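Listed here are the chains, written in short residue letters.
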Amino acid sequence: MREMTVEQATDMMLHVCDAIIGQKQYLAEVDSRIGDGDHGAGMAGGMEKAKAALEAKRPFPDINTIFRTMGMEMIGSMGGASGVIFGSMFMGGARDVPSAQILDSDILAKMMRASLDAVKHRGKAQLGDKTMVDALEPAVLALERQACAELEESLKAAALAAEEGVEKTKDYVAKFGRAKFLGERTLGYEDAGAVSVRVIFQTMKEYAEVQ
Ligand code: ADP
Ligand code: MG
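Here goes a summary of the coordinates provided. A quick note: this is a predicted structure, and the numbers were derived from the prediction, not measured.

Let's talk about the side chain of Lys-205
Tracing the backbone shows Lys-205 in helix α9 (residues 192-209). By relative accessible area, Lys-205 is classed as buried at 17%. Setting aside chain neighbours within four positions, we find Lys-205 in contact with Leu-155, Lys-156 and Ala-159.

If you want it as structure tokens, here you go:
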């Protein structure tokens, strides 16, 4: 598909909420290996709030408002590092690009670039620090390379890049969050926040494929 309507994008993001909620246990497990194990509960809780707000407030005037609504709910309800980080991801994407009435690959690339910038500005993590940036940054680069492609193509590339990014987090020593206290002992384990990013892009890709 070339582009999505605001209503389709709302449905897509509701699927994203459901996917994260469904992966609550798995995300908790991944975080418990090198963190405190709260990532699943945090992300699922934030996405429950985001889902309720999306359902209550639709239809939205533009794509930006979908993301902003999700980000505000996440920041408002989630504790821990990930509330601010994932909240900033959704709010940054909404705030820093012009109002969009449709979602195509080019707009998605611009929004996700703004999301990445917001996360890096807020959290100060760079590529290789074993955070969600290690999945988000390659996904954004893939989207930018596919800015003229069909949406399912650009999302496929982004999902693959995010997945590869998650794999690479196994080779990195944690520099942020609770995992940083384990230093070298974090080697061999994937980062929980990166796994969440993978779930988000994977679900968006699956939604675009069946449209
Ligand atoms: P907490 O670290 O407070 O327990 P969570 O377990 O919910 O919060 O989230 C941890 C995830 O947040 C990490 O796996 C990492 O991906 C992400 N994260 C933590 N700090 C940062 C940061 N400064 N920048 C980017 N992502 C971060
Ligand atoms: Mg944690």
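Focus: the site of ligand 1
The local shell around ligand 1 holds 17 residues, among which Asp-38, Ala-81, Ser-82, Met-132 and Asp-191 are the closest. With respect to ligand 1, the side chain of His-39 contributes an N or O atom lying 3.0 Å from an oxygen atom. The fraction of the free accessible surface of ligand 1 (560 Å²) that becomes covered by protein chains is 92%. Counting only elements with at least two residues in the shell around ligand 1, the list comes to α5 (80-95) and α9. Counting residues per element, the shell around ligand 1 draws most heavily on α5, which supplies four residues. Along the lines of polarity and charge, the residues of the shell around ligand 1 split into six nonpolar, six polar and five charged.

Structural notes on helix α7 (residues 133-145)
In this model, α7 (13 residues) spans 18 Å end to end at C-alpha, consistent with the 18 Å of a helix rising 1.5 Å per residue. Among all positions in α7, only Val-133, Asp-134, Ala-135, Leu-136, Glu-137, Ala-139, Val-140, Ala-142 and Leu-143 are buried. Elements that come into contact with the buried residues of α7 comprise α5, α6 (105-123), α8 (151-169) and α9.

Topic: the pattern of salt bridges
Considering all chains together, one arrives at twelve salt bridges under this definition. The closest approach of N and O atoms between Asp-11 and Arg-58, which form a salt bridge, is 3.0 Å. In this pair, Asp-11 sits in helix α1 (residues 6-22) while Arg-58 sits in the loop between α3 (39-57) and α4 (63-77), placing the two residues 47 residues apart along the sequence. Take Asp-11: its relative accessible area is 28%, and that puts it in the partly exposed class. With a shortest N-O distance of 2.6 Å, Asp-36 and Arg-178 are connected by a salt bridge. One end of the pair, Asp-36, is in the loop between α2 (24-34) and α3; the other, Arg-178, is in the loop between α8 and α9, and 142 residues separate them in sequence. Taking relative accessible area as the criterion, Asp-36 reaches 37% and is therefore assigned partly exposed. One connected set of salt bridges, linked through shared partners, spans Glu-7, Asp-11 and Arg-58.

Some remarks on the coordination of the magnesium ion (ligand 2)
Around the magnesium ion (ligand 2), the protein supplies Asp-31 (OD), Asp-36 (OD) and Asp-38 (OD) as donor atoms, at distances of 2.0 to 2.4 Å. Here the donor residues of the magnesium ion (ligand 2) are spaced in sequence according to D-x4-D-x1-D. Asp-38 sits in the partly exposed class, given a relative accessible area of 36%.

A look at the nonpolar core
Counting residues in hydrophobic clusters, the biggest one holds 63 residues, and the most contacted among them are Met-47, Phe-201 and Met-204. Considering each element in turn, this core owes the most residues, ten residues, to α9. The residues touching Phe-201, leaving out its near neighbours within four places in the chain, are Met-112, Leu-136, Ala-139, Leu-143, Leu-155, Ala-158, Ala-159 and Ala-162.

Focus: the side chain of Thr-10
Residue position: Thr-10 is located in helix α1. Residue classification places Thr-10 among the buried residues on the basis of a relative accessible area of 0%. With sequence-adjacent residues up to four places away left out, Thr-10 is seen in contact with Leu-54, Arg-58, Phe-60 and Ile-66.

Quick notes on the packing of α6 against α7
Viewed as axis vectors pointing N to C, α6 and α7 meet at an angle of 150 degrees, and their least axial separation amounts to 9 Å. Classified by the angle their axes make, α6 and α7 are roughly antiparallel. Considering how the two elements wind past one another, α6 and α7 form a crossing that is left-handed. Of the residues in α7, those in contact with Leu-108, Ala-109, Met-112, Arg-113, Leu-116, Val-119 and Lys-120 of α6 are Val-133, Leu-136, Glu-137, Val-140, Leu-141, Leu-143 and Glu-144. In terms of residue class, the contact of α6 with α7 is made up of ten nonpolar, no polar and four charged.

The rules behind these values
- Residues numbered from 1 in each chain as written.
- Chains lettered and ligands numbered in written order.
- Predicted model: local features only at pLDDT ≥ 70, side-chain atom pairs only at ≥ 80, totals over all residues.
- Heavy atoms only, no water.
- Helix = DSSP H or I, 4+ residues; strand = E, 2+ residues; numbered from the N terminus.
- Buried < 20%, exposed > 50% of the residue type's maximum accessible area, 1.4 Å probe, protein only.
- Contact = heavy atoms within 4.5 Å.
- Near = heavy atom within 4 Å.
- Polar contact = N/O pair within 3.5 Å; in protein donor to acceptor, adjacent residues only side chain to side chain.
- Areas by Shrake-Rupley, 256 points an atom, 1.4 Å probe, with all protein chains shown as cover.
- Nonpolar A, V, L, I, M, F, W, Y, C, P; charged D, E, K, R; others polar.
- Expected span 1.5 Å × (residues − 1).
- Salt bridge = Lys/Arg side-chain N within 4 Å of Asp/Glu carboxyl O.
- Donors = N, O, S within 2.8 Å, 3.2 Å for Na, K, Ca; no water.
- Core = buried A, V, L, I, M, F, W, Y, C linked by side-chain atoms within 4.5 Å.
- Axes fitted to C-alpha atoms, helices over the stretch in contact; angles between N-to-C directions.
- Parallel < 35°, antiparallel > 145°, perpendicular 65-115°, else oblique.
- Left-handed = near helix turned anticlockwise from the far one by under 90°.

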